[in-house]
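# Breakdown of the fold
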There are 2 protein chains.
Amino acid sequence: MTVNTRKRKIIDASLQLFIEKGFHHTSIQDIIAHANISKGTFYNYFTSKNECFLAILEQLRYTAQLQRYELLANQNEQDLDVLIEQIIVPMKLHEEQNLITLFEGIFQSSDLELKKGLRQHRFHEIQWLTERFTNVFGEEIRPYAFECAVIFFGITHYLAMSWRSAYHLPADLHRLVQKGLEYVQALLPTMQKTNDVLLNADVLQLLQNKATKPVITKANVIEQLEGFAKQLDIKTSATGKELTAFLMEELMRDELRKHVIKATLQSYHAAFKSTSHESEAVELSYKIAFLLKN
Amino acid sequence: MTVNTRKRKIIDASLQLFIEKGFHHTSIQDIIAHANISKGTFYNYFTSKNECFLAILEQLRYTAQLQRYELLANQNEQDLDVLIEQIIVPMKLHEEQNLITLFEGIFQSSDLELKKGLRQHRFHEIQWLTERFTNVFGEEIRPYAFECAVIFFGITHYLAMSWRSAYHLPADLHRLVQKGLEYVQALLPTMQKTNDVLLNADVLQLLQNKATKPVITKANVIEQLEGFAKQLDIKTSATGKELTAFLMEELMRDELRKHVIKATLQSYHAAFKSTSHESEAVELSYKIAFLLKN
DNA sequence: CGAATTTTGGACTATGAGTATAAAATAGGT
DNA sequence: ACCTATTTTATACTCATAGTCCAAAATTCG
């Protein structure tokens, strides 16, 4: 079993446990028992439970971003309905997994690394929406887009929380997001008129400088694909194997045939659905999609 | 030392420690050492650190509400500036005390009691603002007031968080709250036009039913005043003693002389400023103010 | 003063994080 | 297939802390 696979096994196991029992109630003992590994191995890959949690976060981000990418494929990027669906993606993921409470606020952590990780997670989300808002509402609202994105998350988060408190049920995500967008749209004229926001371009700039982007290079991805190919065994579908080999070849060309690759990505992701390789396939698809955009 | 005083001593000590070292980093050992009590005593009053934290929360609520009451005294209740100052009160308290992180989100607690306590804390705050919004913007916006209050907190919380992430400094509370109000005011026309909100009166009703209000009766308060009077020692100012006796007498009358009492309350609070009796004096002032309103 | 209650101090249990390490298993190159 | 590296396992150990228990001392209060 390669190094990468083992790490992934830990991540998958702890995610499942966090969902079932909650973060605090899951001990490292539980995790190693569930992942069938020894304590030493755990501490080989993570220095603490928190670090393990951050890895999960990253995994979720890959999944969410990939799904968003797939949603936008061949759609009009100004379509509000697509935006709504895209926004909902991680909400659904989190909700299904009872992870909301874990990072719906800085969770009172002594651990600075963890705090930083959560902040960054939130920032990625806000930044993405900032970009999408300028897509949808036009380049002219760019100076206000960041403020709008922040406000949007504030509104929806608080509305959802109150709804939950009252009904003990998650809110209807569609309706929630629609309302949130409605409110943000109602605010835009005011912002344009007064031309004054709290979080101007400087703030965004500052935050962007702080956020360390993960490095995704072609060489990197090819390497990971190679490792991935080796793990594939008798149980893997022919489709999965064929596509993996194909993608490796394609990526090694000097000029990426973007449309060819794009067309296969969705099938690629689908080929590993519900297999033990799903999470790595998702990560790879996301990374390849990222390469195509740049 | 009376029962009440000891409990208060624990609360004061742990609050100070939580501020200095954070909630998780403060052990019960620390608390009992700092409060000069034994472990047995601690567990006599609280069954856990969480319960102790909830008591602190209550204490903060008393302080905040009393200050809000004092701010409104003899002012026009429709004055927006007064509202701003009132909103800021607990923000300042929390910020000064680094407690923000403690309950800016449900903090991923296994402890259901604690979760409930935090939810209730938030709800009290929202409910108060709902009421104030209808004061300020007129009875006609009542159907939207609750949604507005929730949105207001969502917006300001998220804006503040982003500001903090960027500058590592707390935002200017005045500016922040002003912006928040500006946005909410901009939303009101839309709400009135579409006449559709996510959190309607039903939700508020539901939440109200769930929130258990603390029972504050005249008899109750008089009793506490009596206990308080007994604790006062040689170090207590003459003013403090005299006012305590006076308030006791006044409360025992059949008809409360509201204006007389109201006029003394502020001095009462002031008389114990920076003394070891301050926190109980605040609690008493708050409770008396509450009686006057009802 | 004397009974009732509270407080103390310390011992004790239990849990869980994290370290350490020698022996076993496994990968990868030749 | 063999040898060497590295990884993994199993287990024992330390340390910190929550929470329980209890008998003796201190205190409150009638």
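For clarity, every value in this text was computed on a predicted model and none was experimentally measured. Throughout this document, residue positions are counted from 1 along each chain, in the order its sequence is written. Naming scheme: in the order in which they are written, chains are lettered from A and ligands are numbered from 1. Only residues with pLDDT of at least 70 get local features here, since the model is predicted, and only at 80 or more are side-chain atom pairs given and counted; chain-wide, interface and lining totals rely on the full set of residues. Only heavy atoms go into the side-chain values, all of them from the structure, while hydrogens and water stay out.

Turning next to the overall build of chain A. Looking only at helices and strands, chain A has 14 helices and 0 strands in total. Each helix corresponds to a stretch of at least 4 residues labelled H or I by DSSP, and each strand to a stretch of at least 2 residues labelled E; elements are numbered beginning at the N terminus. When the helices and strands of chain A are listed from N to C terminus, the series reads α-α-α-α-α-α-α-α-α-α-α-α-α-α. Put simply, the radius of gyration uses C-alpha atoms, and a globule should come to 2.2 Å times the residue count raised to 0.38. Over its C-alpha trace chain A gives a radius of gyration of 20 Å, about what one expects of a compact globule, namely 19 Å for 294 residues. Only protein chains enter the accessibility calculation, which uses a 1.4 Å probe. A residue is then buried if its area is under 20% of the maximum for its type, exposed if over 50%, and partly exposed in between. Every one of the 294 residues in chain A was classed for burial, and the buried ones make up 53%. Whether two residues are in contact is decided by their heavy atoms, any of which lying within 4.5 Å being enough. A separation threshold of at least 6 residues defines the contact pool for chain A, and within that pool the share at least 24 residues apart is 69%.

The next thing to look at is the relation of the copies chain B and chain A. Each of the two chain copies can be brought onto the other by rotation about an axis and movement along it. Our superposition of the copies is a least-squares fit, built on the C-alpha atoms of residues whose pLDDT is at least 70 in both. For the pair chain B and chain A, the relating rotation is 180°, the translation along its axis is 0.0 Å, and the fit reaches an RMSD of 0.0 Å. The superposition operator between the copies reduces to a two-fold rotation axis. Of all interface residues in chain B, 100% are interface residues in chain A too; the two copies therefore contact each other through one and the same surface.

Below, the discussion takes up the side chain of T134 of chain A. All names here are of chain A. On the secondary structure map, T134 appears in helix α7 (residues 112–137). Relative accessible area serves as the criterion here: at 3%, T134 is assigned to the buried category. Other than its neighbours up to four places away in sequence, T134 contacts E139, I141, R142 and A145.

Residues and elements named next belong to chain A. To obtain each axis, a line is fitted to C-alpha atoms, and for helices this fit is confined to the stretch in contact; angles are then taken between N-to-C directions over 0 to 180 degrees. The contact between helix α11 (residues 218–231) and helix α14 (residues 278–293) brings their axes to 11 Å, and the two run at 155°. Between α11 and α14, the angle is such that the two are roughly antiparallel. The hand of the α11/α14 crossing is left-handed. The residues of α14 that touch α11, namely those facing K218, V221, Q224, L225, F228 and Q231, are E280, A281, E283, L284, K287, I288 and L291. When grouped by side-chain class, the residues that make up the contact of α11 with α14 number 7 nonpolar, 2 polar and 4 charged. For classification, angles of less than 35 degrees are called roughly parallel, those exceeding 145 degrees roughly antiparallel, those between 65 and 115 degrees roughly perpendicular, and all remaining angles oblique. The crossing is said to be left-handed when, going from far helix to near helix, the turn is anticlockwise and less than a right angle, and right-handed when the turn is clockwise. Residues are grouped as follows: nonpolar covers Ala, Val, Leu, Ile, Met, Phe, Trp, Tyr, Cys and Pro; charged covers Asp, Glu, Lys and Arg; every other residue, Gly included, is treated as polar.

Next up on the list: the pattern of salt bridges. Side chains that carry opposite charge are capable of pairing whenever their charged atoms lie near each other. Here a salt bridge means any side-chain nitrogen of Lys or Arg lying within 4 Å of a carboxyl oxygen belonging to Asp or Glu. Going through the model one piece at a time under the given rule, you end up with 22 salt bridges over all chains. The shortest N-O distance in the salt bridge between E283 of chain B and K287 of chain B comes to 3.1 Å. Residue E283 of chain B and its partner K287 of chain B are located together in helix α14 (residues 278–293), separated by 4 residues, close to a single helical turn. Here K287 of chain B falls in the buried class, since its relative accessible area comes to 14%. One network of salt bridges, with partners in common, ties together R8, E280, E283 and K287 of chain A.

By convention, a stacked pair of Phe, Tyr or Trp rings (six-membered ring in the case of Trp) has centres within 6.5 Å and planes under 30 degrees apart, an edge-to-face pair has planes over 60 apart, and any other such pair is tilted. The full count for this structure, using the stated rule, is 22 aromatic pairs over all chains. Arranged with centres 6.3 Å apart and planes meeting at 55°, the rings of F18 of chain B and F53 of chain B form a pair that is tilted. Of this pair, F18 of chain B sits in helix α1 (residues 3–21) while F53 of chain B sits in helix α4 (residues 49–72); the two residues are 35 residues apart in sequence, bridging distant segments of the chain. By relative accessible area, which is 2% here, F18 of chain B ends up buried. On the basis of relative accessible area, F53 of chain B is assigned to the buried category, the value being 0%. Their ring planes at 45° and their centres at 4.9 Å tell us that Y62 of chain B and Y286 of chain B sit as a pair that is tilted. Here the residue Y62 of chain B occupies a position in helix α4, and Y286 of chain B occupies one in helix α14, the gap between them amounting to 224 residues. An aromatic cluster is built from F133, F137, F152 and F153 of chain A, whose rings are joined through pairwise contacts.

The interface of chain B with chain A comprises 50 residues on the first partner and 50 residues on the second. When two parts are put together, the accessible area they lose, computed with a 1.4 Å probe and summed over both, is reported as buried area. Around 4,800 Å² of area is buried between chain B and chain A when both sides are counted, 67% of it from carbon and sulfur atoms. Taken together, the connections running from chain B to chain A amount to 4 salt bridges. With a closest N to O distance of 3.1 Å, R175 of chain B and D196 of chain A form a salt bridge. By the criterion applied in these results, polar contacts are pairs of N or O atoms within 3.5 Å in which, for protein atoms, one can donate a hydrogen and the other can accept it, and in which residues neighboring in sequence qualify only through two side-chain atoms. At the surface where chain B touches chain A, the tally comes to 8 residue pairs in polar contact (both at pLDDT 80 or more). Of all the elements in the fold, those that place two or more residues in the side of chain B that touches chain A are α6 (100–103), α7 (112–137), α8 (142–167), α9 (173–194) and α10 (201–210) of chain B. Element by element, the count of residues in the side of chain B that touches chain A is highest for α8 of chain B, at 15 residues. Among the residues forming the side of chain B that touches chain A, the class breakdown is 26 nonpolar, 13 polar and 11 charged.

A separate point is the confidence of the model for chain A. Mean pLDDT over chain A works out to 86, with 93% of the residues at or above the 70 mark. pLDDT is a per-residue confidence score from the predictor, ranging from 0 to 100. Within chain A, helix α6 (residues 100–103) of chain A has the poorest average pLDDT of any element, 51, and helix α9 (residues 173–194) of chain A the best, 96.

Here we come to the packing of helix α4 (residues 49–72) of chain A against helix α13 (residues 258–271) of chain A. Residues and elements named next belong to chain A. Here α4 crosses α13 at 130°, and the two axes come no closer than 11 Å. Considering the angle they form, α4 stands oblique to α13. Crossing angle aside, the handedness with which α4 passes α13 is left-handed. Mapping the contact onto sequence places L66, Y69 and E70 in α4 and K262, L265, Q266 and H269 in α13.

The next point concerns the nonpolar core. Take the buried residues of types Ala, Val, Leu, Ile, Met, Phe, Trp, Tyr and Cys, join any two whose side-chain atoms come within 4.5 Å, and each joined set is a nonpolar core. Ranked by size, the top nonpolar core spans 93 residues in total, and within it F133 of chain A together with F133 of chain B carry the most contacts. The element best represented in this core is helix α8 (residues 142–167) of chain A, accounting for 16 residues. Among residues more than four places away in sequence, those in contact with F133 of chain B are L83, G138, I141, A145, C148, A149, F152, L181 and V184 of chain B. Counting residues in hydrophobic clusters, the runner-up holds 26 residues, among them L251, F272, A289 and L292 of chain B.

With that out of the way, let us pick up unusual backbone geometry. All names here are of chain A. Although it is not a glycine, N36 sits at a positive phi angle of roughly 60°. Position of N36 among the secondary structure elements: in the loop between α2 (28–35) and α3 (39–45). Accessibility expressed as a relative area gives 66% for N36, which makes it exposed.

Residue and element names in this part refer to chain B. Following the sequence through the fold, T63 ends up in helix α4. Spatially, the C-alpha atom of T63 lies 10.0 Å from that of E280, the residues being 217 residues apart in sequence. Contacts of T63, omitting those with residues within four sequence positions, involve L93 and V282. A polar contact is formed between the side chain of T63 and the backbone oxygen of Q59, at a distance of 3.0 Å.

We now examine the environment of E125 of chain B. Residue and element names in this part refer to chain B. Within the secondary structure layout, E125 lies in helix α7. Sequence spacing of E125 and I87 is 38 residues, and the spatial spacing of their C-alpha atoms is 9.2 Å. Apart from the residues lying within four places of it in its own chain, the contact partners of E125 are R68, P90 and F153.

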